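Each chain is listed here by its residues.
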Amino acid sequence: MRWVDPNGPGLSRSGGAGPSDHKAITLEHQTVMVPILNHASALSPYSAQVRPGGAAATLFRAGEPIADITFPPQPHFYRLSTADGVPYWKIATLHATDVLATTVLQTCMRYGNRETACQFCAIGQSLAAKSTIPEKTPEQLAEVASAAARLDGVKHVVLTTGTPRTADRGAQVLADCARAIKAASGLPLQAQCEPPADFGWFERLRAAGVDSLGLHLEAVTERVRQRIMPGKAEVPVGVYLEAFASAVRVFGRGQVSTYILAGLGDSREEILEMCERLVGLGVYPFVVPFVPIAGTALEDEPPPEPFFLRDTLDGVAAILARHELRSSDIKAGCGRCGACSTLKAREVPRA
Ligand code: SF4
């Protein structure tokens with residue numbers, strides 16, 4: 001979508017992990033993250049014209065007005081800073097309407113080297129732009145989470161991380177941050193990391209206050225994984241499947257999830273076959289459209305075809321319905337939020 005606002009894109013941020021180049025918009029009670037800053041959005045038939053006052057916009061398709069949309073205002077906690085002068089918005093950001101999200105370690109052992117980097121990833125961009133800090137401490141995150149819950153009604157927290165060189169793959173820093181956030185705010189938490197070498201970390205994360213866990217495959221076939229994410233593909237899908245089974249034993253059915261980016265080269269059938277296996281294990285497969293983020297190796301790739309996405313997401317929703325797995329049962333995290341996909345809107349509501 002093209003965003004037309006004389007005051008700029010507001011809450012959108014270029015670069016970073018998660019939904020970069022996006023803006024949260026609400027259309028008929030559904031909040032979705034829509035790319036507005038990448039190359040593909042400049043070619044989109046959709047545009048949003050912000051109305052005077054800046055709280056709402058009109059959505060156009062090919063120049064014709066088709067809907068009214070709203071978008072979250074700047075959260076109150078963005079105006080605060082820590083005692084040592086770090087603005088809260090550099091420590092954690094508001095995602096969609098009620099999620100506090102942060103990348104605890106803003107560096108990754110795989111980033112910055114063509115041989116190992118995930119080609120879709122922009123984790124270094126927000127750091128280079130000084131819109132975040134390299135490492136967030138448990139104390140900083142506890143302070144920001146308390147303020148975000150108190151001032152802006154944040155309901156759950158996503159802790160993700162770049163992958164460090166240690167065998168725990170970041171689980172230790174995630175556990176330390178989860179413990180501090182939980183003690184200060186009581187908010188439900190999702191932690192996201194690569195599978196640690198020792199699956200005993202799942203128990204330690206749970207004990208630290210993590211409510212749900214994300215282990216993100218990104219692509220489902222070794223063919224696509226090796227082409228798009230050669231470093232991360234060194235951990236084969238088989239290891240992820242073992243990690244999923246182990247994590248579900250600790251966190252419970254439906255409290256472990258994975259991100260799958262539709263549009264990187266896996267076919268609909270390949271994605272659905274993997275989703276069937278994952279759901280059978282008790283894992284929620286959060287299938288989202290691949291977004292070619294500006295400044296990444298894939299910035300000029302076309303976004304996925306709408307019909308491919310529709311058919312794939314409808315297929316995933318049918319698998320979820322058959323196994324009675326629902327995003328609304330996830331205690332915290334991306335699957336619960338759902339704003340980076342339309343999967344949640346396709347789920348069959350509980351009778
Ligand atoms: S789905 Fe996850 S990454 Fe996307 S807006 Fe929600 S919390 Fe953020």
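This text goes with the structure placed above it.
Anyway, here's the lowdown on the structure attached to this text. (Residues numbered from 1 in each chain as written. Predicted model: local features only at pLDDT ≥ 70, side-chain atom pairs only at ≥ 80, totals over all residues. Heavy atoms only, no water.)

## A short note on the nonpolar core
- In this structure, F77, L100, F120, L159, F244, F251 and L264 are the most contacted members of the largest nonpolar core, which totals 90 residues.
- In terms of residue count, the dominant contributor to this core is helix 7 (residues 237-251) (nine residues).
- Sequence-distant contacts of L100, defined by excluding residues within four places in its chain, comprise F77, A92, T93, V144, A145, A148, V154, H156, V157 and V158. (Core = buried A, V, L, I, M, F, W, Y, C linked by side-chain atoms within 4.5 Å. Buried < 20%, exposed > 50% of the residue type's maximum accessible area, 1.4 Å probe, protein only. Helix = DSSP H or I, 4+ residues; strand = E, 2+ residues; numbered from the N terminus. Contact = heavy atoms within 4.5 Å.)

## As for unusual backbone geometry
- Although it is not a glycine, A62 sits at a positive phi angle of roughly 50 degrees.
- Locating A62 in the fold gives a position in the loop between strand 5 (56-61) and strand 6 (64-70).
- Backbone geometry at R169 places phi at a positive 60 degrees, although glycine is not the residue there.
- Residue placement: R169 occurs in the loop between strand 9 (156-160) and helix 4 (171-185).

## Here's the deal with the packing of helix 8 (residues 268-281) against helix 9 (residues 306-323)
- Helix 9 packs onto helix 8 with a crossing angle of 20 degrees between their chain directions and a minimal axis gap of 10 Å. Here helix 8 lies roughly parallel to helix 9, going by the angle between them. Crossing geometry of helix 8 relative to helix 9 is assigned as right-handed. Side by side, helix 8 and helix 9 meet where R268, I271, L272, C275, E276, V279 and G280 of the first sit next to F308, D311, T312, G315, V316, I319, L320, R322 and H323 of the second. (Axes fitted to C-alpha atoms, helices over the stretch in contact; angles between N-to-C directions. Parallel < 35°, antiparallel > 145°, perpendicular 65-115°, else oblique. Left-handed = near helix turned anticlockwise from the far one by under 90°.)

## So, the pattern of salt bridges
- Tallying each qualifying case throughout the model produces 12 salt bridges.
- For the salt bridge of E270 with R223, the shortest nitrogen-to-oxygen distance reads 2.9 Å. Of the two residues, E270 sits in helix 8 while R223 sits in helix 6 (residues 222-228), which places them 47 residues apart along the sequence.
- For E270, a relative accessible area of 24% gives the class partly exposed. (Salt bridge = Lys/Arg side-chain N within 4 Å of Asp/Glu carboxyl O.)

## Quick look at the packing of helix 3 (residues 138-152) against helix 4
- For the pair helix 3 and helix 4, interaxial distance at closest approach is 8 Å and the crossing angle is 35 degrees. At the point where helix 3 passes helix 4, the crossing takes the right-handed sense. The residues of helix 4 that touch helix 3, namely those facing P138, L141, A142, A145 and S146, are D176, C177, A180, I181, A184 and S185.
- In the contact of helix 3 with helix 4, the residues fall into eight nonpolar, two polar and one charged. (Nonpolar A, V, L, I, M, F, W, Y, C, P; charged D, E, K, R; others polar.)

## Here we look at the sheet that holds strand 10 (residues 189-192)
- Overall, mixed pairing links the seven strands, which are arranged 7-8-9-10-11-12-13 in an open sheet. A strand with exactly one partner marks an edge of an open sheet, and here the two such strands are strand 7 (93-95) and strand 13 (283-289). Each strand of the sheet is rotated relative to its neighbour by a mean of 25 degrees, with strand direction disregarded.
- Pairing between strand 7 and strand 8 (residues 99-103): three bridges, direction antiparallel. Its bridge partner lying in strand 8, L94 is registered against L100.
- On the sheet, helix 8 packs against strand 12 (256-262) and strand 13 and is oriented at approximately 150 degrees with respect to strand 13.
- Contacting strand 12 and strand 13, helix 9 crosses the sheet at an angle of about 165 degrees to strand 13. (Pairing = 2+ DSSP bridges.)

## What about the side chain of T132?
- Mapped onto the fold, T132 is located in the loop between helix 2 (123-128) and helix 3.
- Owing to a relative accessible area of 7%, T132 belongs among the buried residues under this scheme.
- A polar contact of 2.9 Å, which involves the side chain of T132, links it to the side chain of K136. (Polar contact = N/O pair within 3.5 Å; in protein donor to acceptor, adjacent residues only side chain to side chain.)

## A word on the packing of aromatic side chains
- Within the structure shown, the criterion is met by five aromatic pairs.
- Measuring from ring centre to ring centre gives 6.2 Å for Y240 and F244, while their planes differ by 55 degrees; the resulting arrangement is tilted. Remark: F244 and Y240 occur in helix 7; sequence separation between them is four residues, near one turn of the helix. Residues Y240 and F244 agree in their burial class; the two are buried. (Phe/Tyr/Trp six-rings, centres within 6.5 Å; stacked < 30°, edge-to-face > 60°.)

## Thoughts on the environment of F202
- With respect to the secondary-structure elements, F202 resides in helix 5 (residues 201-207).
- Here F202 falls in the buried class, since its relative accessible area comes to 0%.
- In this structure F202 touches P196, L213, L215, A243, S246, A247, V250 and F251, once residues within four positions along its chain are discounted.

## What about helix 7?
- For helix 7, with 15 residues, the first-to-last C-alpha span of 20 Å sits near the 21 Å given by 1.5 Å per residue.
- Taken as a whole, helix 7 has its buried residues at V237, Y240, L241, A243, F244, S246, A247, V248, V250 and F251.
- Packed against the buried residues of helix 7 are helix 5, strand 11 (212-214), helix 6, strand 12, helix 8 and strand 13.
- Positive phi appears at G252, one or two residues downstream of helix 7, with a value of about 100 degrees. (Expected span 1.5 Å × (residues − 1).)

## Considering the pairing of strand 10
- Across the two faces of strand 10 the burial is the same, with L189 and A191 and Q190 and Q192 all buried.
- Here strand 9 runs beside strand 10; their pairing, made up of three bridges, is parallel. Residue V158 lies in a different strand from strand 10, and its bridge partner there is Q190.
- Of the crossover connections in this fold, the one passing from strand 9 over helix 4 to the parallel strand 10 is right-handed.
- Sheet topology places strand 10 next to strand 11; three bridges connect them, and they run parallel. From the neighbouring strand, A191 faces strand 11, where its bridge partner is L213.
- What joins strand 10 to strand 11 is helix 5, and the crossover it makes is right-handed. (Right-handed = clockwise from strand over helix to strand, strands pointing away.)

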